[in-house]
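Chain by chain, the residues:
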Amino acid sequence: MEHWKRTIERANRCFMQGELVDAREHYLQALALAQVLFARWGDADEAVAACVISHHNLADLHLRLNQPEESAEYLCAIHQRLLQTMQDTRLPQPLREAALRQSSKTYVELLNFISDHGEYPRTHRLLGSHTAQTDAPTRNSPFYGAH
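Residues numbered from 1 in each chain as written. Predicted model: local features only at pLDDT ≥ 70, side-chain atom pairs only at ≥ 80, totals over all residues. Heavy atoms only, no water.

A. How the structure looks around the side chain of S71. Within the secondary structure layout, S71 lies in helix α4 (residues 68-87). The residues contacting S71, other than those within four sequence positions of it, are A59, H62, L63 and F113. (Helix = DSSP H or I, 4+ residues; strand = E, 2+ residues; numbered from the N terminus. Contact = heavy atoms within 4.5 Å.)

B. Structural view of the nonpolar core. Within the largest apolar cluster, 38 residues are counted, with the highest numbers of intra-cluster contacts made by W4, Y27, V48, L61 and L95. Elements supplying a minimum of two residues to this core: α1 (2-16), α2 (20-37), α3 (44-64), α4 and α5 (93-117). At 11 residues, the largest contribution of residues to this core is made by α3. When residues no more than four places from it in sequence are discounted, the contact partners of L95 are F38, A39, A44, A47, V48 and T85. (Core = buried A, V, L, I, M, F, W, Y, C linked by side-chain atoms within 4.5 Å. Buried < 20%, exposed > 50% of the residue type's maximum accessible area, 1.4 Å probe, protein only.)

C. Just the environment of H79, in detail. In this structure, H79 sits in helix α4. Through-space distance from the C-alpha of H79 to that of K105 is 8.8 Å; in sequence the pair is 26 residues apart.

D. Quick peek at the packing of aromatic side chains. Overall, the coordinates contain 2 aromatic pairs when judged by the stated rule. When the centroid spacing of 6.4 Å and the interplanar angle of 75 degrees are considered together, the rings of W4 and W41 count as edge-to-face. Placement of the pair is W4 in helix α1 and W41 in the loop between α2 and α3, with a sequence separation of 37 residues. You can call W4 buried: its relative accessible area is 6%. Taking relative accessible area as the criterion, W41 reaches 12% and is therefore assigned buried. Each ring, one from F113 and one from Y120, has its centre 5.9 Å from the other, and the planes form 45 degrees; the classification is tilted. (Phe/Tyr/Trp six-rings, centres within 6.5 Å; stacked < 30°, edge-to-face > 60°.)

As structure tokens, then:
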């Protein structure tokens, strides 16, 4: 967890300083760590949160780079991963429960994204077209680190 946390903090600093290429590299490293350790992390809530944060920070970065379709891909990828985790009976129950708790946050992020940026092919496939007309809550999540 500490290595992932340091990597995310480094990425957040780069992001805040406008060093977006370096931020992307660090966010990708953090995502790789979170994915590799996902089912092996000692604390299921931390494992799921690390994966969600890594994906959502990359989504934010791609919005800053004016690449909303890339952003949509990251938002959909984590939501889909959580849905799959919830249903995978081979995974530990605490991890499945943590995925369930976080999936409402990833769903809200997708709704907010669609409200702000419209649908993209993957958002449409994952959620269906009815979400475009949904009144999504405002974005306000404690999971995003520095930005």
